[in-house]
Amino acid sequence: MTAAEPERETSSEGAGSLLPLAGVTVVALEQAVAAPFATRQLADQGARVIKVERVDGGDFARAYDSAVRGGLGTHFAWLNRSKESVALDLKRDEGRAILADLVAGADVFLQNLAPGAAARRGFGADVLRARDPRLIAVDMSGYGASGPYRDKRAYDMLVQAETGLISVTGTPETPVKAGSPLADIAAGMYAFSGVLAALVRRGTTGMGASIEITMFDAVAEWMSQAMYTTLYTGAVPPRTRLSHPVIAPYDAYPTADGVDVVIGVQNDRGWAALATGVLGRPDLVTDPEYATNRARVRNREKVDAIVAGVTSRMARDELLGRLDEAGVAGASLNDGHGLIAHPQLAERDRWREVGSPVGDIRALLPPITFADAEPRMDPIPALGEHTDAVLRELGRDREAIAALRAAGVIA
């Protein structure tokens, strides 16, 4: 091993010291998907995340379902490992006082309550940053703190609808929402990257930040290519099932063993490789009906029929091998079982065990993996699991904690 190739740190203590956000404290007044996704990624990279939950059931994503070992919600298991759960009643003065103490010791305060709800409880970004100018305060919502949609409910599907994402997804006859909560994920990604940018700026200027992230803005950004098509042509991109509106062939094609394979040809060189190396039809390379991408898009049905006529006579593995050999992009059309059993995950050792209130569960390493330290993957907390320990850090003694619990302020 050379000096340029540091040994991967495997102990949790050593690995944590090498993660980029070690020493950063995040207080999150969060629920559902968007904000927990942002803060889990901060935790992955070493930040201490204190998750503040309601005393009466906590984050409602805990109860979306109970599919994980018959007791834990799938969304909650995905989004909340490596966090400390503190359960507070913020309708009570004592609960708000505890939250204020937590924020006073934090680098980042992130919340996704309804617009204005945090401010009404005394936790607006302006108030918090007046007390601590170095604080990074992140407000997440569906549509933002202003505008005619400010107070509208903003569930993932609703934002997908408002931004036009659903209009370009599905079949010509039926629009469908994306199968994953993309509006939540998009907002969570921008909150995560926004916090990272703010931490860098604070490191060079000493200034904190007030950051607003909305689900609507996040998905509108992701819709920009379709938006530009409409803006400058006047035409809305058509829904084309799995195919691409301006590229052909680009679709799923049948195989002899009943498993579809997706083939994507990006340019005319790719078409030549497919035609000669897989279809056995070199004549298609120069045929004016198929020689250029624009011609193939005009003749999409004919192109797809030619391709499917060949692929349907091959087994999936044979077809994928032929595509690879010819240098043509192809992929298996997997479902969840296919992903779980995917050889790429197994070969790259991407699976880990994570503790939870229902026992150890399998989880994937997050995508950002440093060469010298694994991401933090500590247990998923039970509701209020860390309340007492955190309150002791804040100076509350055993008697005070017992009194708060007896009064229903904490859980």
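In what follows, the accompanying structure is described. (Residues numbered from 1 in each chain as written. Predicted model: local features only at pLDDT ≥ 70, side-chain atom pairs only at ≥ 80, totals over all residues. Heavy atoms only, no water.)

### Some remarks on the overall build of the protein chain
Then comes step 1: The secondary structure content of the protein chain amounts to 18 helices and 11 strands.
Then comes step 2: For the protein chain, the accessible surface area stands at approximately 20,600 Å², while carbon and sulfur atoms represent 54% of it.
Then comes step 3: Here the protein chain contributes 44 positive and 53 negative side-chain charges, whose respective centroids are spaced 4 Å apart. (Helix = DSSP H or I, 4+ residues; strand = E, 2+ residues; numbered from the N terminus. Areas by Shrake-Rupley, 256 points an atom, 1.4 Å probe, with all protein chains shown as cover. Lys, Arg positive; Asp, Glu negative; His and termini not counted. Charge placed at Lys NZ, Arg CZ, Asp CG, Glu CD.)

### Some points on the pattern of salt bridges
Then comes step 1: What the rule picks out here adds up to 22 salt bridges.
Then comes step 2: Linking D93 and R96 is a salt bridge whose minimum nitrogen-to-oxygen distance equals 2.3 Å. One end of the pair, D93, and the other, R96, are both in helix 4 (residues 93-104), 3 residues apart, so they sit about a helical turn from each other.
Then comes step 3: R96 sits in the partly exposed class, given a relative accessible area of 23%.
Then comes step 4: Of the charged contacts, one joins D151 and R150 as a salt bridge, the two residues approaching to 2.6 Å between their closest N and O atoms.
Then comes step 5: By relative accessible area, D151 is classed as exposed at 61%.
Then comes step 6: Taking the relative accessible area as the measure of exposure, R150 reaches 27% and is therefore partly exposed.
Then comes step 7: Members of the salt-bridge network, linked through shared partners, are E30, K51, D59 and K83. (Salt bridge = Lys/Arg side-chain N within 4 Å of Asp/Glu carboxyl O. Buried < 20%, exposed > 50% of the residue type's maximum accessible area, 1.4 Å probe, protein only.)

### Digging into the pairing of strand 3 (residues 83-87)
Then comes step 1: Strand 3 sits mainly inside the fold: 5 of its 5 residues count as buried.
Then comes step 2: Of the two faces of strand 3, the one lined by K83, S85 and A87 and the one lined by E84 and V86 are each fully buried.
Then comes step 3: Here 5 bridges tie strand 2 (residues 48-53) to strand 3, and the two strands are oriented parallel to one another. Looking at strand 3, one finds that E53 is bridged to A87.
Then comes step 4: Between strand 2 and its parallel partner strand 3, the chain crosses via helix 3 (residues 74-79), and the hand of that crossover is right-handed. (Pairing = 2+ DSSP bridges. Right-handed = clockwise from strand over helix to strand, strands pointing away.)

### What about the sheet that holds strand 6 (residues 209-214)?
Then comes step 1: Taken in spatial order, the 6 strands line up as 3-2-1-4-5-6 in an open sheet, and their pairing is parallel. Each of the sheet's edge strands pairs with one partner strand only, and the pair in question is strand 3 and strand 6. Here the strands of the sheet are splayed against their neighbours by 20° on average, with no regard to which way each runs.
Then comes step 2: When strand 5 (residues 136-141) meets strand 6, the two strands line up parallel, connected through 6 bridges. Bridge assignment links I136 to a residue of strand 6, and that residue is A209. (Axes fitted to C-alpha atoms, helices over the stretch in contact; angles between N-to-C directions.)

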